[in-house]
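Structural overview for review
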Amino acid sequence: MRALSIKLWRDLWLQKGQAAAIAAVIGAGVMILVLGATSLAAVRDSQQRFYQDYHFADVFVDLKRAPDHVAERLRAITGVQQVEARVQAPVRLEVEGFDDPVRGLLVSIPDGRQPLVNRLHLREGSLPEPGRADQVLLNEPFAEAHGLRAGDRLKAIINGRLETLSVSGIALSPEFIYQVGPADILPDYERFGVLWMNRRALARAYDMDGAFNHVGLTLQAGAQPQAVIGAVDAALARYGGIGAHDRDDQTSHFFVTENQQRMGVLATVLPVIFLGVAAFLINVLMGRIIRTQRQQIAVLKAFGYGNAEVAGHYLAYAGLIALLGSAFGIALGAWAAGWLAGIYAEYFRFPTWQFRLEPRVLALGIGVAAGAALIGAWRAVARALAEQPAEAMRPPMPESFRRGWLERSHLDRLIDQPTRIILRNLGRHRFKASMSALGIGLSCGLVLLGSYQFGSVNHMMDIQYGKVLLMDVHASFTDPTPARAVAELNALPGVVLVEAYRAVPVRLRVGSREHRTSLRGLEPTPRLNQLLDAAYRPQTLPDDGLAMTRWLAEDLGLRPGDLVEIEVMEGHRRVLDVPLVQLVDEPFGAGAYMERRALNRLLREGPAISGVWLLTDRALEAELFDRLWEHPRVASIGLIAQAEQNIRDYLNETFLGFMGILLLLAATVAFAVVYNNARIAFAERERELASLRVLGYTRAEVAWILIGEMVVLVALAIPIGWLVGTGLAWAANRAMASEMFRLPFVLSPGIYAFSALAVIVAAAASVWLIGRRLNRLDMVSALKTE
């Protein structure tokens, strides 16, 4: 074995504590990189495979009713490859042993065969038999939630008629990877299900013989989606089409894509932060090693070792630490990715998960870690190579000191000698002390970044369900309904308050920017669905003009007073310019609002409503639900308390699960950084501490010199960490804001206290470990050290 190799392994063993600490920091960054990249690739690859194999549509459109021959016109549009015209019908389901309201969506498929577009993956059983009007396929999540299998039965109210249906099989569809009901954000598999029925049977039950109300189209390679969408809209405008759209606005695809974007941010931003801290620590460690090995470097160069060989030796030292950290991070990242994929499998339903640890991810993790290590080490190595051997073989010039502020102040006479040594050392090595405080501060900032999410999520949920959504029940109607229905619903048992709304699909345009959403008409002063300002105070809607969520306004580049082009996608399909007069701050979704009667006037209709929110007496809800389902226009019933619980479960299992891992890693990094600083301080001052012991200082006084220095550095580092952590939290908050939800930027005193406590505990543990070394200090050996 070459001499340099022996020296390399000996140095690693002697510095094993610091090396392990830095490897832990590198491992944390690599783990997050592997976790994010692997999970992101698993979702993306599984999605693309499902879309490709089962012919997921490229364009979708809902309409009122169009005769079947219109589908031939759609097939003739340039760029269209396949067209699947079908019937969709909202239904109420009754499952034995489950009393809550259950909504369903019935979707037609060609009698006895698979559809051309959005084909089905059979998990169990078979397609409904040709000619059978009582057989349906169930979507797998709904079937699992209720324990239904092929051959079981359930009841459905289709177009006001009670039908008993037989389950022919269980299936998955690329159209419902993320299965949510209308206006829902999170899946509720017990209370919403998708069913597929033979086309003729569903058309007959829903009074759609010879007609369809939904179309899915696939496009030819190279086709322009917007040109096809324009042609489809023109062909279906007279049949009540509410605007064709591409995959970006398809509900399931939108939620899956939103999640991928969020994972992409986490997999990019967080590893950069962790590995940046690792590069800083390696720079500090290599600087310390090279300072103590100046004469060794000079001897090596005097014996003929060139600059390249010496540089390679020290870079190999950093590289081995990076390799150790990479191996640790890859192993933990692969385990955590498998755990996270199991959670995502509950929400994203693919036939198979394309989960694997790809070689490119491994190479990326090792490469990024090695890059961080080499960047951190190069500055110290380059400084060492610049010295000539004769100069480096001399002992370092003694440092020159002069009376400082401590000696010139009265404080010098009030403190004991060990404390005076602490303050003098920090004051005379300001740069080194500043770098140590900065390193500890960065670790404190990482802990703050990892912990603030928990408080923000709870705050977000408290705003949404404590200030915005104050209703108990949401009932939507099949069609726009006269406002006199409010009086009828108010008379039902258990109803305390009724508040109506009108909703219409629209496209909002500002220059080249466009957003498809729902324009909702509310009461002038909403009581059950409040609109909040930036201080989370309820607002009153203006008589005219548009209110909009702040996130959507910023996305469209709007400010109050700007005009917005609104294209109404139903009824007269008017295109109007309306001023934006008010911004709304709410954490979920991106919507636009108007006063309800003003919206009715805009649509040139009477006092129509699309649904109601109800405040109810919980004791009478069962009777109320029965009465609501008897109402011919009620299409669906949603329970707000259950929706809140579903969202909390989702966030706890996915988002907060990931952030919990981050917090654990941040705490590990905090200990690694503090211990590394304490270990280096002990190694650099070992001879000095031994000299003090020989001069008569007690073990406690000598220990206080190290402990007191750490106390001062931690005290200086905590405010730095708070500042850095606040900046990191703000940047992460902005990067992860999306249409689905936006975390409020809330940092409570408890979050700051927790991050400080984490650093203090890490410092206490490090001091205890260093104290054990101090107790075993061999004064004779230490005094022989140059």
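Just so you know, these numbers come straight off a predicted model, no measurement behind them. (Residues numbered from 1 in each chain as written. Predicted model: local features only at pLDDT ≥ 70, side-chain atom pairs only at ≥ 80, totals over all residues. Heavy atoms only, no water.)

1. Comments concerning the overall build of the protein chain
The condition is simple: Strands are runs of DSSP state E lasting at least 2 residues, helices are runs of H or I lasting at least 4, and numbering of each runs from the N terminus. For the exposure calls, accessible area comes from a 1.4 Å probe over protein chains only, and a residue counts as buried if that area is under 20% of its type's maximum, exposed if over 50%, partly exposed in between. The contact definition used throughout considers only heavy atoms, calling two residues in contact when any of these lie within 4.5 Å. For accessible areas, the Shrake-Rupley method is used with a probe of radius 1.4 Å. Any residue's cover is judged against the shown protein chains and nothing else.
A count of helical and extended segments in the protein chain gives 24 helices and 20 strands. Evaluated residue by residue, the protein chain yields a buried proportion of 56% over its 786 residues. Look at the contacts in the protein chain between residues 6 or more apart in sequence, and 82% of them connect residues 24 or more apart. Carbon and sulfur atoms make up 56% of the accessible area of the protein chain, which totals about 33700 Å².

2. Notes on helix α23 (residues 749-775)
Rules: Expected span of a helix, by definition, is 1.5 Å for each gap between consecutive residues, and there is one gap fewer than residues.
Between its first and last C-alpha, α23 extends 38 Å over 27 residues, near the 39 Å set by a 1.5 Å rise per residue. Turning to α23, its buried residues are Ile751, Ser755, Ala756, Ala758, Val759, Ala762, Ala763, Ser766, Ile770 and Leu774.

3. Considerations on the sheet that holds strand β1 (residues 59-67)
So the rule is basically this: Whether two strands pair depends on DSSP finding at least two bridges between them. Convention adopted: a line fitted to C-alpha atoms gives each axis, helices being fitted over their contacting stretch, and angles between N-to-C directions are expressed from 0 to 180 degrees.
As summarised here, the arrangement of the four strands in space is β2-β10-β1-β11, forming an open sheet in which the pairing is antiparallel. At either margin of the open sheet sits one strand with a lone partner, and together these are β2 (80-86) and β11 (245-246). Across two bridges, the pairing between β1 and β11 is antiparallel. Across the sheet, the residue bridging to Val59 is Asp246, located in β11. Running over the sheet, helix α6 (residues 225-236) touches β1, β2, β10 (211-219) and β11 and is turned about 10° from β1.

4. Here we look at the environment of Ala503
Tracing the chain through its elements places Ala503 in strand β13 (residues 495-510). In this structure, Ala503 is in contact with Ser518, Leu519, Arg520 and Ser610, ignoring residues within four places of it in sequence.

5. Section: helix α2 (residues 16-53)
Taking 1.5 Å of rise per residue, 38 residues should cover 56 Å, and α2 covers 52 Å from first to last C-alpha, within 8% of that figure. Counting buried positions along α2 yields 30 of 38 residues, so the element is predominantly enclosed. Immediately beyond the C-terminal end of α2, within one or two residues, lies His55, with a positive phi of roughly 55°.

6. Observations concerning the domain arrangement of the protein chain
Here is the rule we go by: Each domain's extent is set by a domain assignment, obtained either automatically or from a database. Note: buried area is the sum, over both parts, of the accessible area (probe 1.4 Å) each one loses when the two are combined. Think of a salt bridge as a Lys or Arg side-chain nitrogen and an Asp or Glu carboxyl oxygen that are within 4 Å of each other. Here a polar contact is taken to be a pair of N or O atoms separated by no more than 3.5 Å, where protein atoms must pair a possible hydrogen donor with a possible acceptor and residues adjacent in sequence count only if both atoms sit in side chains.
Domain annotation for the protein chain reports domain 1 (1-57 + 257-396), domain 2 (62-254), domain 3 (410-467 + 648-786) and domain 4 (468-646). With centres defined by C-alpha atoms, the gap from domain 3 to domain 4 works out at 49 Å. Taken together, the contacts link 19 residues of domain 3 with 19 residues of domain 4. When the two sides are added together, the surface that domain 3 and domain 4 hide from each other amounts to roughly 1900 Å², 51% of it contributed by carbon and sulfur. Where domain 3 packs against domain 4, one counts one salt bridge. Here Glu644 and Arg648 are joined by a salt bridge, their closest N and O atoms 3.2 Å apart. Along the contact surface separating domain 3 from domain 4 lie 11 residue pairs in polar contact (both at pLDDT 80 or more).

7. Digging into the packing of helix α14 (residues 430-468) against α23
Put simply, the test is: Throughout this description, any angle smaller than 35 degrees is read as roughly parallel, any larger than 145 degrees as roughly antiparallel, any in the 65 to 115 degree range as roughly perpendicular, and the remainder as oblique. Take the far helix as the reference: if the near one is turned anticlockwise from it by less than a right angle, the crossing is left-handed, and if turned clockwise, right-handed. Asp, Glu, Lys and Arg are counted as charged, while Ala, Val, Leu, Ile, Met, Phe, Trp, Tyr, Cys and Pro are counted as nonpolar; the rest, among them Gly, fall into the polar class.
Running from N to C, α14 and α23 cross one another at 135°; their axes reach a closest spacing of 9 Å. In this view, α14 runs oblique relative to α23, as classed from their interaxial angle. Handedness of the α14/α23 crossing: right-handed. Taking contact as the criterion, the partners of Ile440, Ser443, Cys444, Val447, Leu448, Ser451 and Tyr452 in α14 are, on α23, Ile751, Tyr752, Phe754, Ser755, Ala756, Ala758 and Val759. For the contact of α14 with α23, the residue count by class is 11 nonpolar, three polar and no charged.

8. Thoughts on the packing of aromatic side chains
Which entries qualify depends on this criterion: Whether two aromatic rings pair depends on their centres lying within 6.5 Å, for rings of Phe, Tyr and Trp, where Trp uses its six-membered ring; planes under 30 degrees apart make the pair stacked, over 60 edge-to-face, and the rest tilted.
Here the structure, examined in full by the defined rule, presents 13 aromatic pairs. On the basis of an interplanar angle of 65° and a centroid distance of 6.2 Å, the ring pair of Tyr452 and Phe745 is categorised as edge-to-face. On the criterion of sequence distance, the pair formed by Tyr452 in helix α14 and Phe745 in the loop between α22 (699-736) and α23 is long-range, its members being 293 residues apart. Plain terms: the ring middles of Tyr501 and Trp613 are 4.5 Å apart, the flat faces sit at 25° to each other, and that makes the pair stacked. Of this pair, Tyr501 sits in strand β13 while Trp613 sits in strand β19 (residues 608-616); the two residues are 112 residues apart in sequence, bridging distant segments of the chain. For the pair Tyr501 and Trp613, a shared accessibility class is recorded, and that class is buried. Put simply, the rings of Tyr178, Phe254, Phe255, Tyr344 and Phe348 pair up and form one aromatic cluster.

9. Examining a nonpolar patch on the surface
Cut-off, in case you're wondering: Patches in this entry comprise residues that are over 30% relatively accessible and not in a salt bridge; like charges within 9 Å are linked, as are nonpolar side chains (Val, Leu, Ile, Met, Phe, Trp, Tyr) within 5 Å.
Residues Trp704, Ile707 and Val711 make up a contiguous nonpolar surface patch of about 240 Å² in total accessible area. In this structure, Ile707 sits in helix α22. For Ile707, a relative accessible area of 31% translates into the label partly exposed.

10. Points about the nonpolar core
Inclusion rule: In these notes, a set of buried Ala, Val, Leu, Ile, Met, Phe, Trp, Tyr and Cys residues joined through side-chain atoms within 4.5 Å is what counts as a nonpolar core.
Of all hydrophobic cores here, the largest spans 120 residues; its most connected members are Tyr178, Phe274 and Ile440. Core analysis: the next-biggest nonpolar cluster, separate from the first, contains 32 residues, Leu12, Ala19, Tyr317 and Ala372 among them.

11. A few points about the side chain of Ser46
Secondary-structure assignment places Ser46 in helix α2. Leave out the neighbours within four places in its chain, and Ser46 touches Ala41, Phe350, Thr352, Trp353 and Gln354.

12. Side note on the pattern of salt bridges
Scanning the entire structure with this criterion turns up 35 salt bridges. Each of the salt bridges in this network shares a partner with another, and the network as a whole consists of Asp233, Arg507, Arg509, Glu514, Glu565 and Glu567.

13. A closer look at unusual backbone geometry
Although it is not a glycine, His55 adopts a positive phi angle of roughly 55°. Inspection of the secondary structure assignment puts His55 in the loop between α2 and β1. Its relative accessible area of 38% is what places His55 among the partly exposed residues. Look at Tyr536: it is not a glycine, yet its phi comes out positive at around 60°. Looking at the secondary structure, you find Tyr536 in the loop between β14 (513-522) and β15 (546-549).

14. What to know about the environment of Gly329
Secondary-structure assignment places Gly329 in helix α9 (residues 307-344). Put simply, Gly329 and Thr517 are 188 residues apart on the chain and 42 Å apart in space, counted from C-alpha to C-alpha. Gly329 has contacts with Gly27, Val30 and Met31, leaving out every residue within four places of it along the chain.

15. As for the pairing of strand β12 (residues 473-482)
Bridge count for β12 against β19 is six bridges, and the pairing is antiparallel. From the neighbouring strand, His474 faces β19, where its bridge partner is Trp613. Direction of pairing for β12 relative to strand β20 (residues 634-639): antiparallel, over a ladder of five bridges. Looking at β20, one finds that Ala475 is bridged to Ile637.

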